[in-house]
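For reference, the chains in residue letters:
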Amino acid sequence: MNTFDPQQVLKITVDVPADKQEQFHRLWERILNDEADPFNLQVHAAQKLREDIKAEGGAALKRLYVIANGDTGQSGVVARFLAGLYNGTRFQFDLTDFRRLDDALFEDCMALLRMDARHCVQEVHEYFEDGGRKWEQMISDWSMDKKSTG
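Let us look at the structure shown here. Everything quoted here is computed from the prediction, not taken from an experiment.

## Concerning a nonpolar patch on the surface
Now for step 1: Among the surface-exposed residues, Leu10, Ile12, Val14, Phe24 and Trp28 lie close enough to one another that they form a single nonpolar patch of about 480 Å² accessible area.
Now for step 2: Exposure remark for Leu10: the relative accessible area of 68% places this residue in the exposed category.

Structure, rendered in structure tokens:
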């Protein structure tokens, strides 16, 4: 029998005619227990994809944060990108700036954006201890706070 993470369990209430209750129960058991069932294969593939996106995005975020605290032109682009994810209203990001990044940094940005857009479980700065302060410091270091207000 499968074990479930309580945070990953969805409660479903279904009205089943009394004469179909046993048939429904067998179908439900098959769904929950048949690893080779096409439905379960799709569920497992989707779960694996989510795990991969989270792992790739999380690793990319760590690399990008280090770059954003550098002092190159690419560092500035990455910092503005991270600030935009942190608060897109306050720090709008020009997508054409991606053209200034080398392939590895561009791919890291895409991995992070994919994680943030599709499987966001927390804000980007929350992946870091004291992340709010760190992001505000990065924003201050790049003088983005001055640009956003005037």
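## A few points about the state of the cysteines
Now for step 1: Scanning all chains against the criterion turns up zero disulfides.
Now for step 2: Cys109 forms no disulfide, and the closest cysteine sulfur to it belongs to Cys120, at a distance of 16 Å.

## Points about the pattern of salt bridges
Now for step 1: Scanning all chains against the criterion turns up six salt bridges.
Now for step 2: Linking Glu136 and Arg90 is a salt bridge whose minimum nitrogen-to-oxygen distance equals 2.9 Å. Of this pair, Glu136 sits in helix α5 (residues 131–141) while Arg90 sits in the loop between α3 (73–86) and α4 (103–118); the two residues are 46 residues apart in sequence, bridging distant segments of the chain.
Now for step 3: Among the residues examined, Glu136 registers a relative accessible area of 28% and is labelled partly exposed.
Now for step 4: Arg90 sits in the partly exposed class, given a relative accessible area of 33%.
Now for step 5: Notably, a salt bridge pairs Asp130 with Arg133, separated by 2.6 Å at the nearest N-O pair.
Now for step 6: By relative accessible area, which is 44% here, Asp130 ends up partly exposed.

## Looking at the environment of Gly132
Now for step 1: For Gly132, the position within the fold is in helix α5.
Now for step 2: In this structure Gly132 comes out as partly exposed when scored by relative accessible area, which is 26%.
Now for step 3: Here the alpha-carbon distance between Gly132 and Tyr86, two residues 46 residues apart in the chain, equals 8.9 Å.
Now for step 4: Once you skip the residues sitting within four places of it in the chain, Gly132 turns out to touch Tyr86 and His125.

## Points about α4
Now for step 1: The terminal C-alpha atoms of α4, which comprises 16 residues, lie 22 Å apart, in line with the 22 Å expected from a rise of 1.5 Å per residue.
Now for step 2: All buried positions along α4 are accounted for by Leu105, Asp108, Cys109, Met110, Ala111, Leu112, Met115 and Asp116.
Now for step 3: Lining the buried residues of α4 we find α2 (38–68) and α3.
Now for step 4: For α4, the N-terminal capping position is held by Asp102, with its side-chain oxygen 3.2 Å away from the main-chain nitrogen of Ala104.

## Some points on the side chain of His125
Now for step 1: Mapped onto the elements, His125 comes out in the loop between α4 and α5.
Now for step 2: In contact with His125, not counting residues within four places along its chain, are Tyr86, Gly131, Gly132 and Trp135.

## Looking at α5
Now for step 1: Among the residues of α5, those classed as buried are Gly131, Trp135, Met138 and Ile139. Buried residues in α5, looked at end-on, bunch into an arc of 100°, giving them a common side.
Now for step 2: After α5 finishes, the residue Ser143 shows a positive phi value of roughly 55°.

## Structural notes on the packing of aromatic side chains
Now for step 1: Using the criterion set out here, one finds seven aromatic pairs in the structure.
Now for step 2: On the basis of an interplanar angle of 85° and a centroid distance of 5.7 Å, the ring pair of Phe98 and Phe106 is categorised as edge-to-face.
Now for step 3: Accessibility expressed as a relative area gives 10% for Phe98, which makes it buried.
Now for step 4: On the basis of relative accessible area, Phe106 is assigned to the partly exposed category, the value being 29%.
Now for step 5: Connected via pairs of aromatic rings, a cluster forms that spans Phe81, Phe93, Phe98 and Phe106.

Basis of the calculations
Residues numbered from 1 in each chain as written. Predicted model: local features only at pLDDT ≥ 70, side-chain atom pairs only at ≥ 80, totals over all residues. Heavy atoms only, no water. Patch = residues over 30% accessible without salt bridge, like charges linked within 9 Å, V, L, I, M, F, W, Y side chains within 5 Å. Areas by Shrake-Rupley, 256 points an atom, 1.4 Å probe, with all protein chains shown as cover. Salt bridge = Lys/Arg side-chain N within 4 Å of Asp/Glu carboxyl O. Buried < 20%, exposed > 50% of the residue type's maximum accessible area, 1.4 Å probe, protein only. Disulfide = S-S within 2.5 Å. Helix = DSSP H or I, 4+ residues; strand = E, 2+ residues; numbered from the N terminus. Contact = heavy atoms within 4.5 Å. Expected span 1.5 Å × (residues − 1). Polar contact = N/O pair within 3.5 Å; in protein donor to acceptor, adjacent residues only side chain to side chain. Arc of directions from axis to C-beta. Phe/Tyr/Trp six-rings, centres within 6.5 Å; stacked < 30°, edge-to-face > 60°.

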